[in-house]
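# Understanding the architecture of this molecule
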Amino acid sequence: MREFEDPARWDKVAEHYEETAHPFTARFAEAALARVPLIPGSRVLDVATGTGALAHAAARTGAQVLAVDFSPAMVARVAASGGPGIDARVMDGQALALPDAGFDAVFSIFGVILFPDWHRGLAEMARVTKPGGHGVVAAWREQGAASFLLLRRIREKLFPDRPSMAMPDGVAILGDPDRLARAMVAAGYRGPEITPVVFDYDLDVARLDTPDTVFGLSPDWTNLDDADKAAVIAEARRMAEGRSVLPIASTALIAVAVR
């Protein structure tokens, strides 16, 4: 089992994810939400919610949101921070325990791209979307973003002969706009519109003093020895060129389709 496919792995990093990844992914969640016409009372499903970036943003519109994830710790954090309009449940996005055509909009923000069977994940999203409702998927363009992207670039420079971790197939496939559009249609949606969205991840260089808080989510970091980790930190500082913040431009595709 790959680490991305193990709910225990996500349970372990849930607190760190909420602190570091959530604020950044929330910007893409807001961009995705802006492309879908929700009204108070709209029924929204957030598949692979993580710590609920999309769920919270949707609830602020007055929508009734069901946030699901296979990680109990992630779901617990959504439940603990959730306000009115959010129901959080543990559920496998590849086999949603939900009736057909129950939601006005179904989102997966960097979630379905990590599924072992992303085809099934997309088909399940389409199944539970009402006719005329919307399906929305966000996928990374360069097989990653933020500190993951920075670490991969540094590894490619410092250790060019070492392979990086194998990403789930869906990350590469759905990160291509044509393939993402075709996948949405194959799942049961129609008329997908694919939009690239770019935000900078602003890495506080001072956090390199505690590098596990920057890179610790990635096996490409945890598998390095102390000397290699020191080399990575030194290269990140060099890239910052004396600045207090190192911006890392990260590109996502947002696909919006109709059921």
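Here we summarise the structure given alongside this text. (Residues numbered from 1 in each chain as written. Predicted model: local features only at pLDDT ≥ 70, side-chain atom pairs only at ≥ 80, totals over all residues. Heavy atoms only, no water.)

Running from N to C, helix α1 (residues 7–33) and helix α3 (residues 72–81) point in directions that differ by 40°, and their axes come no closer than 7 Å. The segment α1 lies against α3, with Trp 10, Asp 11, Ala 14, Glu 15, Tyr 17 and Glu 18 engaging Pro 72, Ala 73, Met 74, Arg 77 and Ser 81. Here the contact of α1 with α3 is built from residues that sort into 6 nonpolar, 1 polar and 4 charged. (Axes fitted to C-alpha atoms, helices over the stretch in contact; angles between N-to-C directions. Helix = DSSP H or I, 4+ residues; strand = E, 2+ residues; numbered from the N terminus. Contact = heavy atoms within 4.5 Å. Nonpolar A, V, L, I, M, F, W, Y, C, P; charged D, E, K, R; others polar.)

To continue, consider the sheet that holds strand β2 (residues 64–69). The mixed open sheet is built from 7 strands, whose spatial order is β3-β2-β1-β4-β5-β7-β6. The strands lining the two open edges of the sheet, one partner per strand, are β3 (86–90) and β6 (190–204). Across the sheet, the axes of successive neighbouring strands diverge by a mean angle of 20°, strand direction being ignored. Along the sheet, α3 makes contact with β2 and β3, crossing β3 at roughly 165°. Of the strands in this sheet, β5 (129–140), β6 and β7 (245–258) touch helix α7 (residues 177–187), which is tilted by about 130° from β6. (Pairing = 2+ DSSP bridges.)

What follows deals with the packing of aromatic side chains. If you walk through the whole model with that rule in mind, you get 8 aromatic pairs. A centroid spacing of 5.3 Å and a plane angle of 85° characterise the contact between Phe 24 and Phe 28, whose relative ring orientation is edge-to-face. Highlighted residues: Phe 24 and Phe 28, both in helix α1, separated by 4 residues, approximately one helical turn. Each of the two residues, Phe 24 as well as Phe 28, counts as buried. An angle of 80° between the planes, with centres 5.0 Å apart, marks the rings of Phe 28 and Phe 199 as edge-to-face. Taken together, the positions of Phe 28 in helix α1 and Phe 199 in strand β6 put the pair 171 residues apart, joining distant regions of the chain. A relative accessible area of 0% places Phe 28 in the buried class. (Phe/Tyr/Trp six-rings, centres within 6.5 Å; stacked < 30°, edge-to-face > 60°. Buried < 20%, exposed > 50% of the residue type's maximum accessible area, 1.4 Å probe, protein only.)

Okay, unusual backbone geometry next. Positive phi is not limited to glycine here, since Phe 110 has a value of about 60°. With respect to the helices and strands, the residue Phe 110 is situated in the loop between β4 (103–109) and α4 (118–127). Of note in this structure, Ala 146 is not a glycine but carries a positive phi near 55°. Tracing the backbone shows Ala 146 in helix α5 (residues 146–158).

Looking now at the nonpolar core. Counting residues in each nonpolar core, the largest one holds 94 residues, and the members touching the most others are Val 44, Leu 45, Phe 107, Ile 113, Leu 122 and Leu 174. It is α1 that contributes the most residues to this core, 11 residues altogether. Those residues within four positions of Val 44 in sequence are excluded, and the remaining contacts are Leu 38, Leu 54, Ala 58, Ala 63, Gln 64, Val 65, Leu 66, Phe 103, Ala 105 and Phe 107. (Core = buried A, V, L, I, M, F, W, Y, C linked by side-chain atoms within 4.5 Å.)

Attention now goes to the pairing of strand β1 (residues 43–47). It is a general feature of regular strands that their side chains alternate between the two faces of the sheet. Most of β1 sits out of view: 4 of its 5 residues are buried. With 5 bridges joining them, β1 and β2 adopt parallel strand pairing. Bridge pairing in β2 places Arg 43 opposite Gln 64. As a crossover connection, the stretch from β1 through helix α2 (residues 53–59) into β2 is right-handed. (Right-handed = clockwise from strand over helix to strand, strands pointing away.)

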